[in-house]
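Reading the structure
Listed below are the residues making up each chain.
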Amino acid sequence: MSKSEDPYSFATWCKESLINFTKMNAEKQVFIGFVLAIFIAAFIRVIEMTGGLPSLYEHLLYFPLVLTGLLLGPRIGALAGFMCGVLLSPFSFSDSLISSNEIAGGWILRLLAFTFIATIAGIIARVVKELNGAEKSAKFKYQGTDLPNINALLEQLETIGHSKDKAPDDLIDIFNFRLQNMEKIQQQVGTEKANELVKQMAIQLKKLLGDQVHVGQTSKNELVGVSAEAEENTKELQSKIESFLEKPIVVDGVSYQMDSAAGVLRVKKDQLKEDHQKVFDEAQAHAFNAFQKKQQFSFLEQNDNAIDQIEEVTFSRQFSEAMKNNDIQLYFQPRLNTNTGYFSVLEISAKWVHPKRGGMNLEEFKPMIEEASLTQQFTSWMIQRTFKDLKTWLKQKVIVRVSINITINDIVDPIVLNVLAHELQDSKFPARQVYIEVSERALMSLSDKSKRYLERLRSVGCNVIASHFGEGRSTIQSLFVLPVDAVKLSEELVQKATSHSDKKRELASMVKMARARGLTTIATGINDRAKLLLLKQIGCEELQGSILSKSLKKADIPWARIR
């Protein structure tokens with residue numbers, strides 16, 4: 001091996017130090033630059049104090065000494081500084097080359113300066129290295145077990161995906177082990193013993209699957225393995241894993257039976273290169289799906305159809321958990337009654353605090369739930385959560401009108417109407433205080449069952465609103481045939497009316513005709529004064545928009561302004 005290839009050579013140290021410096025974040029680079037600036041200022045001051053040989057070039061030794069301390073540590077730095085001081089002392093030169101003040105003791109000051117500065121540089125380098133190691137440990141190790149965490153596993157997947165040693169079609173296995181009874185074991189033996197148990201299981205998994213497998217921990221009850229060399233015989237792989245899962249784990253002579261399930265996702269190396277995070281999510285979703293089906297082992301080799309199915313499972317699980325964990329919350333937007341000047345209705349909406357996309361309102365995540373066929377589940381959940389709040393308010397002697405949109409995908413679902421009927425009956429909440437928003441498109445294509453259910457709800461007092469009116473096939477004549485009690489004018493129609501006189505007359509006629517038939521007229525999206533004045537002028541009865549009030553959390557509802 002040549003000197004340049006020697007991992008312990010000075011050149012290698014310099015190269016690695018430079019690479020590590022460029023990888024540091026901006027704050028660390030600024031800090032190191034600040035420290036070096038202080039040292040340079042100190043060097044200049046020491047040079048002024050030490051005097052020495054007639055040549056000024058000796059003082060340049062401070063810089064390589066500092067570099068030696070930074071790269072090789074305080075001991076080597078101190079030794080180098082001491083040796084340089086000795087070599088520049090009267091012991092190494094004849095009296096004719098040394099000035100009198102140098103012989104008197106100036107060389108001692110220089111020797112101490114060389115040794116001290118190189119030592120301090122080494123101590124600083126060691127502290128920075130320890131801090132960097134602690135930060136890396138916190139970032140890439142799971143607390144308690146010190147196993148590689150999710151960040152380390154994702155980095156490993158990314159490394160494999162960009163590796164030039166493997167062909168794009170080479171297969172990669174991602175193992176996911178769910179330790180279903182870990183929480184119970186932890187309660188019995190304590191956290192420290194439970195961590196030892198997980199560490200022992202990780203060690204045995206590595207022995208089982210091969211040294212090339214990277215095993216890490218992503219949660220208290222989940223281990224993940226990444227193998228860059230997929231085993232061709234899947235039946236043999238399944239047999240090995242199932243046999244392993246059936247055996248107890250022994251720690252300090254005590255056997256613990258782990259109730260575990262395993263999922264294996266096999267992908268091509270090229271798929272990791274494209275999006276390793278997505279592949280990792282799909283592997284976890286596959287394992288979770290197997291767990292829900294009570295399968296001890298599940299194997300999936302990724303293909304185009306499988307990807308579509310996995311993505312749906314991933315989002316379905318994520319969305320269901322978001323509703324369960326209150327990551328999706330109801331919001332209430334007051335609607336102004338132009339006759340009284342008070343807010344008269346609270347329109348229900350929802351916001352989702354997504355772990356990656358951040359806060360999203362209903363319009364933003366509606367396409368995702370439509371694609372995953374979750375509109376029925378979400379709408380039913382929204383109705384149930386609304387009535388939970390209505391029951392609380394009813395106990396407090398507070399009765400307020402609420403408006404619920406039940407046609408997120410422009411379909412009136414009979415099951416959703418049935419959920420609403422059940423909640424009405426169970427809560428004893430006055431049906432006349434409930435407004436059911438149905439899109440104009442959905443009203444035009446009601447099934448016989450949906451139409452019968454909707455008419456039944458109207459008969460007990462519920463009010464039906466035709467939303468987005470004027471946007472689709474609806475005309476003024478539609479006001480005489482639609483089974484509704486109110487119309488909500490489309491935002492597009494209102495926007496055009498503020499700048500076109502013909503559209504203004506059309507909107508005014510629509511409002512006048514609706515009122516003549518006994519229908520309440522509602523306008524939404526009122527975000528400026530021009531729309532507000534226009535709709536008041538033409539006699540629109542209820543207004544809603546950001547200029548009046550934004551969507552509010554339950555705790556922020558202005559009860560004093562509601563009548």
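Because the structure is a prediction, the values reported are computed rather than measured.

1. Some remarks on the overall build of the protein chain
A tally of regular secondary structure across the protein chain gives 19 helices and 16 strands. Across the 563 residues of the protein chain, 45% fall into the buried class. Here the analysis covers contacts within the protein chain between residues at least 6 apart in sequence; of these, 68% occur between residues at least 24 apart. For the protein chain, the exposed area adds up to about 30400 Å²; of that, 53% sits on carbon and sulfur atoms.

2. Describing the sheet that holds strand β7 (residues 297-301)
Strand order in the open sheet formed by five strands is β2-β3-β1-β6-β7, with mixed pairing between adjacent strands. Unpaired on one side and paired on the other, β2 (213-219) and β7 mark the two borders of the sheet. Here the average twist between neighbouring strands, direction ignored, is 15°. On top of the sheet, helix α8 (residues 191-209) reaches β1 (171-179), β2, β3 (222-227) and β6 (260-268); it is set at about 150° to β2, its chief contact. The strands touched by helix α9 (residues 234-246) within the sheet are β1, β6 and β7, with β6 carrying the most contacts at an inclination of about 155°.

3. A short note on the pairing of strand β8 (residues 328-337)
Counting buried positions along β8 yields nine of 10 residues, so the element is predominantly enclosed. Bridge count between β8 and strand β9 (residues 343-354): nine bridges; the pairing is antiparallel. Residue L336 lies in a different strand from β9, and its bridge partner there is F343. Counting the residues between successive antiparallel strands, the hairpin from β8 to β9 contains five residues, one of them, G341, with a positive phi of roughly 85°. Of the pairings in the sheet, the one linking β8 to strand β16 (residues 542-543) comprises two bridges and is antiparallel in character. Looking across to β16, one finds that N337 is bridged to E542.

4. Structural notes on the confidence of the model for the protein chain
The pLDDT averaged across the protein chain works out to 79; a share of 79% of its residues lies at or above 70. The secondary-structure element of the protein chain with the lowest mean pLDDT is helix α2 (residues 26-50), recorded at 60, while strand β11 (residues 401-405) shows the highest, at 95. Predicted confidence for residues 1-8 stays below pLDDT 50, and this span has seven contacts to residues more than four positions away or in other chains. Low pLDDT, under 50, characterises residues 52-56; the predicted model gives this stretch 12 contacts beyond four residues in sequence or across chains.

5. Section: the packing of aromatic side chains
Counted according to the given criterion, the structure contains 10 aromatic pairs. Between F319 and W352, the ring centres sit 5.3 Å apart and the planes meet at 85°, which makes this aromatic pair edge-to-face. Placement of the pair is F319 in helix α11 (residues 304-324) and W352 in strand β9, with a sequence separation of 33 residues. The two residues F319 and W352 agree in class, both being buried. An angle of 85° between the planes, with centres 6.4 Å apart, marks the rings of F387 and F429 as edge-to-face. Here F387, found in helix α13 (residues 375-395), pairs with F429, found in the loop between α14 (414-427) and β12 (434-439); they are 42 residues apart in sequence, far enough to count as distant. The class for F387 is buried, based on a relative accessible area of 0%. Note that K351 overlies the ring of Y331, its terminal NZ or CZ placed 4.6 Å from the centroid.

6. Side note on unusual backbone geometry
At D146, a position not held by glycine, the phi torsion is positive, near 60°. Along the chain, D146 falls in the loop between α5 (100-140) and α6 (150-161). Despite not being glycine, K428 shows a phi value in the positive range, around 65°. Inspection of the secondary structure assignment puts K428 in the loop between α14 and β12. By relative accessible area, K428 is classed as exposed at 65%.

7. Looking at a negative patch on the surface
A surface patch of like charges, here negative, comprises D169, D270, E274 and D275. Tracing the backbone shows D275 in helix α10 (residues 269-292). Among the residues examined, D275 registers a relative accessible area of 34% and is labelled partly exposed.

8. Description of the pairing of β6
With eight of nine residues buried, β6 is to be regarded as a mostly interior element. Bridge count for β1 against β6 is nine bridges, and the pairing is antiparallel. Note that in β6 the partner of I172 across the bridge is V267.

9. A short note on a nonpolar patch on the surface
Residues L79, F82 and M83 make up a contiguous nonpolar surface patch of about 290 Å² in total accessible area. Mapping L79 onto the fold places it in helix α4 (residues 74-87).

10. Considerations on the side chain of T379
Summarising the element assignment, T379 is placed in helix α13. Among the polar contacts listed, one links the side chain of T379 to the backbone oxygen of T375, at a separation of 2.7 Å. Those residues in contact with T379 that sit more than four places away from it in its chain are N405, I406, I408 and V416.

11. A closer look at the environment of S549
Tracing the chain through its elements places S549 in the segment after β16. Using a relative accessible area of 10% as the deciding quantity, one classes S549 as buried. Note: C-alpha distance between S549 and Q333 (216 residues apart in sequence) is 6.7 Å. If we ignore the near neighbours within four places in the chain, the residues touching S549 are Q333, P334 and F343.

12. Observations regarding the pattern of salt bridges
This model, assessed by the stated rule, comprises 16 salt bridges. One salt bridge connects K193 with D252, and the closest N-O pair in it is separated by 2.6 Å. With K193 in helix α8 and D252 in the loop between β4 (249-251) and β5 (254-256), the pair connects residues that are 59 residues apart, well separated along the chain. You can call K193 partly exposed: its relative accessible area is 27%. A salt bridge links E363 to K366, with the nearest nitrogen and oxygen atoms 3.6 Å apart. With E363 and K366 both in helix α12 (residues 362-371) and three residues apart, this pair spans about one turn of that helix.

13. Topic: α6
For α6, which comprises 12 residues, the first-to-last C-alpha distance of 16 Å matches the rise-based estimate of 16 Å (1.5 Å per residue) to within 8%. For α6, the N-terminal cap is N149; the gap from its side-chain oxygen to the backbone nitrogen of N151 is 3.1 Å.

Cut-off values and rules
Residues numbered from 1 in each chain as written. Predicted model: local features only at pLDDT ≥ 70, side-chain atom pairs only at ≥ 80, totals over all residues. Heavy atoms only, no water. Helix = DSSP H or I, 4+ residues; strand = E, 2+ residues; numbered from the N terminus. Buried < 20%, exposed > 50% of the residue type's maximum accessible area, 1.4 Å probe, protein only. Contact = heavy atoms within 4.5 Å. Areas by Shrake-Rupley, 256 points an atom, 1.4 Å probe, with all protein chains shown as cover. Pairing = 2+ DSSP bridges. Axes fitted to C-alpha atoms, helices over the stretch in contact; angles between N-to-C directions. pLDDT = per-residue confidence, 0-100. Phe/Tyr/Trp six-rings, centres within 6.5 Å; stacked < 30°, edge-to-face > 60°. Lys NZ or Arg CZ within 6 Å of the ring centre and 35° of its normal. Patch = residues over 30% accessible without salt bridge, like charges linked within 9 Å, V, L, I, M, F, W, Y side chains within 5 Å. Salt bridge = Lys/Arg side-chain N within 4 Å of Asp/Glu carboxyl O. Lys, Arg positive; Asp, Glu negative; His and termini not counted. Charge placed at Lys NZ, Arg CZ, Asp CG, Glu CD. Polar contact = N/O pair within 3.5 Å; in protein donor to acceptor, adjacent residues only side chain to side chain. Expected span 1.5 Å × (residues − 1).

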